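Here are the chains, one letter per residue:
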Amino acid sequence: MSKLKSYLAGSTIAKEGEPARKLFILVEGKIGIYKGNSKITEFDKEGEIVGEMSLILKKPRSAEIRAITDAKLLEVEGELDDIVKQYPEISKKIIHSLAERLTQATDRI
C-alpha cells in the first residue's frame, strides 16, 4: 500500500530506532538522514528511495529521516517481498540506490 504524504521543513519523517514498516520515495523537496544532530547525507532528486536499508535488514531504523525543506514523499508500506511483488520496478531502483551509496562511501576512503 502506498500513499503520498507532505512534510513541513524540520519535521521528522521516520525516527531512529523505530521498526521499519515502509520505505519512502522522494517526490519533491529535500530530506536529510541524521544520526543525533549530525546530518549524514541528504537527498533532493525526485525518485530517490530512502528507508529501505532497515526494511531489507529487518532491523530498527539506524538513523532519523527529516525534511530539510517542505517535502512530499510516497510512502510504500509492507514487507520488502510484498513491495517488490506489487511494484517490481522498485527492486531495480533499490539496487541502483545502494550501489551509488556504496560507490560514494568507497570514494571517501
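Below is a short write-up of the structure. (Residues numbered from 1 in each chain as written. Predicted model: local features only at pLDDT ≥ 70, side-chain atom pairs only at ≥ 80, totals over all residues. Heavy atoms only, no water.)

**Some thoughts on the overall build of the chain**
From N to C terminus, the chain includes three helices and eight strands. Counted from the first residue to the last, the chain has its helices and strands arranged as β-β-β-β-β-β-α-β-β-α-α. Its C-alpha radius of gyration of 13 Å places the chain within 12% of the 13 Å reference for a compact globule of 109 residues. Across its three principal axes, the chain shows a C-alpha extent of roughly 35 × 35 × 25 Å. The 109 residues of the chain split such that 31% are buried. Here the chain displays about 6,900 Å² of accessible surface, and carbon together with sulfur accounts for 54% of that area. Across the chain, the mean location of the 19 positive side-chain charges is 3 Å away from that of the 18 negative side-chain charges. (Helix = DSSP H or I, 4+ residues; strand = E, 2+ residues; numbered from the N terminus. Rg over C-alpha atoms; globule rule 2.2 N^0.38 Å. Buried < 20%, exposed > 50% of the residue type's maximum accessible area, 1.4 Å probe, protein only. Areas by Shrake-Rupley, 256 points an atom, 1.4 Å probe, with all protein chains shown as cover. Lys, Arg positive; Asp, Glu negative; His and termini not counted. Charge placed at Lys NZ, Arg CZ, Asp CG, Glu CD.)

**Considering the sheet that holds strand E4 (residues 31–35)**
In spatial order, the strands read E2-E7-E4-E5; together these four strands make up an open sheet with antiparallel pairing. Every interior strand has two partners, whereas the edge strands, strand E2 (12–14) and strand E5 (38–43), have only one. Recorded for the sheet is a direction-independent mean angle of 35° between the axes of neighbouring strands. Sheet topology note: the E2/strand E7 (residues 64–67) ladder contains two bridges and is antiparallel. Residue pairing in the sheet places Ala14 in a bridge with Ile65 of E7. (Pairing = 2+ DSSP bridges. Axes fitted to C-alpha atoms, helices over the stretch in contact; angles between N-to-C directions.)

**Concerning the nonpolar core**
Counting 14 residues, the largest nonpolar core has Ile13, Phe24, Ile31, Phe43, Val50, Ile65 and Leu73 as the members making the most contacts within it. Where this core is concerned, the elements lending two or more residues are E2, strand E3 (22–28), E4, E7 and strand E8 (71–77). Leu73 has contacts with Lys3, Leu4, Lys5, Tyr7, Ile13, Phe24, Ile25, Leu26, Val27 and Ile31, leaving out every residue within four places of it along the chain. With 10 residues, the next largest nonpolar core counts Ile25, Ile49, Ile90 and Ile94 among its residues. (Core = buried A, V, L, I, M, F, W, Y, C linked by side-chain atoms within 4.5 Å. Contact = heavy atoms within 4.5 Å.)

**Brief notes about the side chain of Ser97**
As for its position among the elements, Ser97 is in helix H3 (residues 89–107). Judged by relative accessible area, which is 11%, Ser97 ranks as buried. Once you skip the residues sitting within four places of it in the chain, Ser97 turns out to touch Ile49 and Glu52.

**With respect to the pattern of salt bridges**
Taken as a whole, this structure holds seven salt bridges when the rule is applied. A salt bridge links Arg101 to Glu52; the nearest nitrogen and oxygen atoms lie 2.7 Å apart. Of the two residues, Arg101 sits in helix H3 while Glu52 sits in helix H1 (residues 52–57), which places them 49 residues apart along the sequence. Note that Arg66 and Glu64 form a salt bridge whose closest N and O atoms lie 2.5 Å from each other. Counted as one network, the salt bridges with shared partners bring together Lys30, Lys39 and Glu42. (Salt bridge = Lys/Arg side-chain N within 4 Å of Asp/Glu carboxyl O.)

Function cannot be read off these values alone, since they describe shape.
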